[in-house]
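Residue-level structural notes
For reference, the chains in residue letters:
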Amino acid sequence: MFDSKFDVIVVGAGHAGCEAAAAAANLGSHTLLITMNLQNVAQMSCNPAMGGIAKGQIVREIDALGGYSGIVSDRSAIQFKMLNQSKGPAMWSPRVQSDRSLFTLEWRALLENTPNLDFYQDTVVDLIVQNEQVLGVITSLGLKIYSKTVILTNGTFLNGLIHIGEKNFGGGRAGEKASYGLTAALENLGFSSGRMKTGTPPRVDGRSLDYSKMLEQPGDENPQKFSYTDHTQPLTKQISCYITHTNLEVHDLLRTGFDRSPMFNGSIKSTGPRYCPSIEDKINRFSDKSQHQIFVEPEGWNTVEVYVNGFSTSLPDDIQYKALKQVRGFENVKFFRPGYAIEYDYFQPTQLFHSLETKQIQNLFFAGQINGTTGYEEAAAQGIIAGINAHQKCVDETPFVLGREEAYIGVLIDDLILKGTEEPYRMFTSRAEYRTLLRQDNADQRLTPKAFQLGLVSKERLDRVERKQRLSSATVEHLKKTSYDLNRANQLLEMKNDVIVSQTDKFSKLLSRPNINRQDLYQFEAISIFMEDQGIEDEVFEQAEIEIKYAGYIDKERKNADKLKRLENIKIPLSFDYDSLASLSYEAKEKLNKLQPSTLGQASRISGINPSDISVLLVSMGR
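Each chain has its residues counted from 1, running along the sequence as written. A pLDDT threshold of at least 70 governs which residues receive local features in this predicted model, and a stricter bar of 80 or more applies before side-chain atom pairs are shown or counted, although totals over entire chains, interfaces and linings include all residues. Side-chain metrics in this entry use all non-hydrogen atoms of the structure; hydrogen atoms and water are not considered.

**Quick notes on the overall build of the chain**
Worth spelling out the cut-off: Counting from the N terminus, the helices are DSSP H or I runs at least four residues long and the strands are E runs at least two residues long. Using C-alpha atoms as the atom set, the radius of gyration is obtained and then compared with a globule rule of 2.2 Å times the number of residues to the power 0.38. For this count, His and the chain ends are skipped, Lys and Arg are scored as positive, and Asp and Glu as negative. To locate a charge, take NZ of a lysine, CZ of an arginine, CG of an aspartate or CD of a glutamate.
If you tally the helices and strands in the chain, you get 21 helices and 20 strands. Compactness check: the chain gives a C-alpha radius of gyration of 26 Å against a globular reference of 25 Å for 623 residues, within 12% of the reference. Its C-alpha atoms give the chain principal-axis dimensions of roughly 80 × 60 × 60 Å. Side chains of the chain give 70 positive and 77 negative charges; the mean places of these two sets differ by 3 Å.

**Observations regarding the state of the cysteines**
As a reminder of what qualifies: The criterion for a disulfide is a pair of cysteine sulfur atoms lying within 2.5 Å. Burial here depends on accessible area, computed with a 1.4 Å probe over protein chains only, as a share of the maximum for the residue type. Under 20% is buried, over 50% is exposed, and the range in between is partly exposed.
Overall, the coordinates contain zero disulfides when judged by the stated rule. Cys-46 supplies the cysteine sulfur nearest to Cys-241, a cysteine that is in no disulfide, at a spacing of 14 Å. Assessed through its relative accessible area of 8%, Cys-241 is described here as buried. Of all cysteine sulfurs in the structure, the one in Cys-18 sits closest to Cys-394, which takes part in no disulfide; the separation is 19 Å. Cys-394 sits in the buried class, given a relative accessible area of 14%.

**Points about the nonpolar core**
Formally: As used in this record, nonpolar core signifies buried Ala, Val, Leu, Ile, Met, Phe, Trp, Tyr and Cys residues forming a set joined through side-chain atoms within 4.5 Å. It only takes one pair of heavy atoms within 4.5 Å for two residues to be counted as in contact.
Leu-152, Leu-364 and Ile-409 are the most contacted members of the largest nonpolar core, which totals 102 residues. Here this core takes ten residues from helix 9 (residues 376-394), the largest share from any one element. Once residues lying within four places of it in the same chain are set aside, the contact partners of Leu-364 are Leu-127, Val-134, Val-150, Leu-152, Leu-186, Phe-191, Leu-356, Glu-357 and Thr-358. Val-476, Leu-479, Val-501 and Ala-544 belong to the second-largest nonpolar core, a separate cluster that totals 22 residues.

**Observations regarding the layout of surface pockets**
Using the following cut-off: Residues are said to line a cavity or pocket when one of their atoms sits within 4 Å of a point; the points come from a 1 Å grid over protein atoms alone, cavities being sets where a 1.4 Å probe fits but cannot get out and pockets being open sets with protein on both sides within 12 Å along at least five of seven lines. Grid points are joined across faces, edges and corners, and a volume is the space filled by probe spheres set on the points. For this classification, the nonpolar set comprises Ala, Val, Leu, Ile, Met, Phe, Trp, Tyr, Cys and Pro, the charged set comprises Asp, Glu, Lys and Arg, and every other residue, Gly included, is treated as polar.
For the second largest pocket, the calculated volume is near 570 Å³. In terms of lining residues, the second largest pocket is bounded by 23 residues, among which Tyr-228, Asp-444, Arg-464, Lys-468 and Glu-539 are the most central. For the lining of the second largest pocket, the elements supplying multiple residues, two or more each, are helix 12 (459-481) and helix 17 (538-549). Here the lining of the second largest pocket is built from residues that sort into five nonpolar, five polar and 13 charged.

**A short note on the pattern of salt bridges**
For the record, the criterion: Put simply, a salt bridge is a Lys or Arg side-chain nitrogen that is within 4 Å of an Asp or Glu carboxyl oxygen.
Applying the stated criterion across every chain yields a total of 39 salt bridges. The salt bridge involving Arg-404 is made with Glu-433; its shortest N-O contact spans 3.0 Å. Within this pair, whereas Arg-404 is found in the loop between helix 9 and helix 10 (408-419), its partner Glu-433 is found in the loop between helix 10 and helix 11 (443-454), the two being separated by 29 residues in sequence. Judged by its relative accessible area of 18%, Glu-433 falls in the buried class.

**Quick notes on unusual backbone geometry**
Positioned with a positive phi, Glu-132 is a non-glycine residue whose angle comes to about 55 degrees. Within the secondary structure, Glu-132 sits in the loop between strand 7 (124-130) and strand 8 (133-139). Judged by its relative accessible area of 55%, Glu-132 is exposed. Its identity as a non-glycine residue notwithstanding, Asn-363 has a phi of 70 degrees, on the positive side.

**Some points on the sheet that holds strand 3 (residues 49-51)**
So the rule is basically this: The criterion for strand pairing is that DSSP finds at least two bridges linking the strands in question. Note on geometry: axes are lines fitted to C-alpha atoms, helical ones only across the stretch in contact, with angles between N-to-C directions running from 0 to 180 degrees.
Read across the sheet, three strands follow the order 3-5-4 without closing on themselves; strand pairing throughout is antiparallel. The sheet terminates laterally at strand 3 and strand 4 (77-83), the two strands that pair on one side only. For this sheet, the mean angle separating the axes of adjacent strands, direction not counted, is 15 degrees. Sheet topology note: the strand 4/strand 5 (residues 93-98) ladder contains six bridges and is antiparallel. Counterpart to Ala-77 in the pairing with strand 5 is Ser-98.

**Quick word on empty space enclosed by the protein**
Inspection of the entire model under this criterion finds three cavities of 30 Å³ or more. The computed volume of the largest cavity comes to approximately 100 Å³. Taken together, 14 residues line the largest cavity, and the ones lying closest to its centre are Thr-421, Tyr-425, Arg-431, Ser-607 and Gly-608. Looking at the lining of the largest cavity, the element that brings in the most residues is helix 10, giving three residues. By residue class, the composition of the lining of the largest cavity is four nonpolar, five polar and five charged.

**Quick look at the sheet that holds strand 12 (residues 193-200)**
Pairing is antiparallel across the open sheet formed by four strands, whose spatial order is 11-10-19-12. A single partner strand is all that each edge strand has here, and the edge strands are strand 11 (167-170) and strand 12. Across the sheet, the axes of successive neighbouring strands diverge by a mean angle of 25 degrees, strand direction being ignored. The sheet contact formed by strand 10 (residues 161-164) and strand 19 (residues 340-347) spans three bridges and is antiparallel.

**Observations concerning the packing of aromatic side chains**
To keep things clear, this is the line we draw: Pairing of aromatic rings covers Phe, Tyr and the six-membered ring of Trp, with a centre-to-centre limit of 6.5 Å; geometry is then stacked below 30 degrees between planes, edge-to-face above 60, and tilted otherwise.
Under the defined criterion, the tally for this structure stands at 15 aromatic pairs. Arranged with centres 5.6 Å apart and planes meeting at 85 degrees, the rings of Tyr-321 and Phe-335 form a pair that is edge-to-face. Note that Tyr-321 is positioned in helix 8 (residues 317-324) and Phe-335 in strand 18 (residues 335-337), a separation of 14 residues in sequence. Owing to a relative accessible area of 33%, Tyr-321 belongs among the partly exposed residues under this scheme. Owing to a relative accessible area of 22%, Phe-335 belongs among the partly exposed residues under this scheme. Ring geometry for Tyr-522 versus Phe-541: centroids 5.4 Å apart, planes at 85 degrees, classification edge-to-face. Here Tyr-522 is found in the loop between helix 15 (518-521) and helix 16 (525-534), whereas its partner Phe-541 is found in helix 17, with 19 residues between them in sequence. Under the relative-accessibility criterion, Tyr-522 is labelled partly exposed at 30%.

**Brief notes about helix 1 (residues 15-26)**
Note the threshold: Between the first and last residue of a helix there are one fewer steps than residues, each counted as 1.5 Å, and that sum is the expected span.
The end-to-end C-alpha distance of helix 1, which contains twelve residues, comes to 16 Å, matching closely the 16 Å that a straight helix rising 1.5 Å per residue would cover. Of all twelve residues making up helix 1, eleven are buried, and the element is well covered by its neighbours. The first or second residue beyond helix 1 is Gly-28, which carries a positive phi of 110 degrees.

**Quick look at helix 12**
Taking 1.5 Å of rise per residue, the 23 residues of helix 12 would be expected to cover 33 Å, and the 33 Å separating its terminal C-alpha atoms lies within 8% of that figure. Where helix 12 is concerned, the buried positions are Arg-461, Leu-462, Val-465, Lys-468, Leu-471, Ser-472, Thr-475, Val-476, His-478 and Leu-479. Contacts from the buried residues of helix 12 go to helix 2 (55-64), helix 11, helix 14 (507-511), helix 15, helix 16 and helix 17.

**Examining the environment of Gln-85**
Mapped onto the secondary structure, Gln-85 falls in the loop between strand 4 and strand 5. Since its relative accessible area comes to 47%, Gln-85 is described here as partly exposed. Separated by 268 residues in sequence, Gln-85 and Phe-353 place their C-alpha atoms 36 Å apart.

Now the structure itself:
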């Protein structure tokens, strides 16, 4: 079976591994996906959801590049929500609640129907390396499998150690063994490793909960979907989530277990995710808070299992149970399994090129949590880039790299490579200085032409994107050159309690008003007839609306981008008072005060300092 040499070997079948394997195989590389358990392909190890703030943009970008995460998310969704719709379109972020089991089944089905892709269940324990070039892998069964390139996507399995109170045991996640040997092999090759920690909350029996005591969170009335393809359809029925809260009694009960908590007794020495803290960390760090939100998330269509989002913990299981029973609606709760923390090895991503190939060993790529990230979406994004570039290496083509101005994926990888990370990296909209340009609605226009050039998407799909762009531009032009009826416009403005106009003007001016949206314009025949004649869908009209409403912001953002390129020449006074800047994030103040950079360029490369923080400094120093 392994006599012939593969083009690409992907180690690990999590979100990064699946996207990497699919991309390499779809580009024509003979690919082998090796995983410890083929029943757990693309397992949702933590929350049963895809997308969210900035993460939703990443899923759309993966889909625009020809990846599968968006398609699988749509096919396994039980609820869809567009988050942040009260804010500007740069902040709108799609999110689906997923059926955990169906998600895995859909991923496996797509992979099994992907040409050029083979599978094998085993554990990779070492690499075959000669003259600083990887030649293949060695498995726990002693097999030597050769390939032109290797992609490591090991998730939390490298020397994984699970903690529940004072108990700890090896494992990559609950019920699965850890992977040993590979970290030592990589360290022997000169790689520098570290330890990180993440955690997960209890899973409980939904039949034991009283939802009448909680706040219902239904999905969107008119749900959208992730994928730009016609392979999926929006949901026609949805399942609600719910919100409840902890209280002081819960906090007091949790504190009784602090002496047995691995977070506080020294058992856990690694760094956990700053933006997804455990419940014990929250009540310890924010002792002034009398309550914290708990999101009650169903695990699927045909299960009573519930994910208790916001209650991630590694406290003893008896303390977890006693405390959770004091949460409103959880008085009679029954556990399926307790929460736990897990420590695992990662490798500082500054050891990689932007293609995700390692600097030490040629043809070896890292993607996912092995690079210090957290989250399915961040992992999948790295996976598709690693898969593309492993193929590019096989056929002697130029590496595929996305810039910060082109995609959130570009921001993610640039941050990792240039700044590294000392804590699990999570994507936020604030990390992207060009976020008005990197919206969730235009990912196909930004990236699908690039994917077509690579060979990842069809000409038919490119034609659809170009048609969408053409119709959007035509809609903008029509709004800019067509005048509205004065009486009809003033009727609309009066109904909206807006200032009426004394003379007619173009529709673009009317649409620029904050209180007026595209739906309001459908009542004008000049608009409705044009839309019908041209066959323009609402999503196209939405893009035209965004371009008109936010033209000033987009122009301002481009000018700021030019300023940010000159950061190296801007000195920061040694006595600069970072604490006086209210708009500066707490993390930025903490790290700037500690490291005292001498220029804005240096400040911009500090891990945890976001482009928005640099903009705040730039404005302040300009004043």
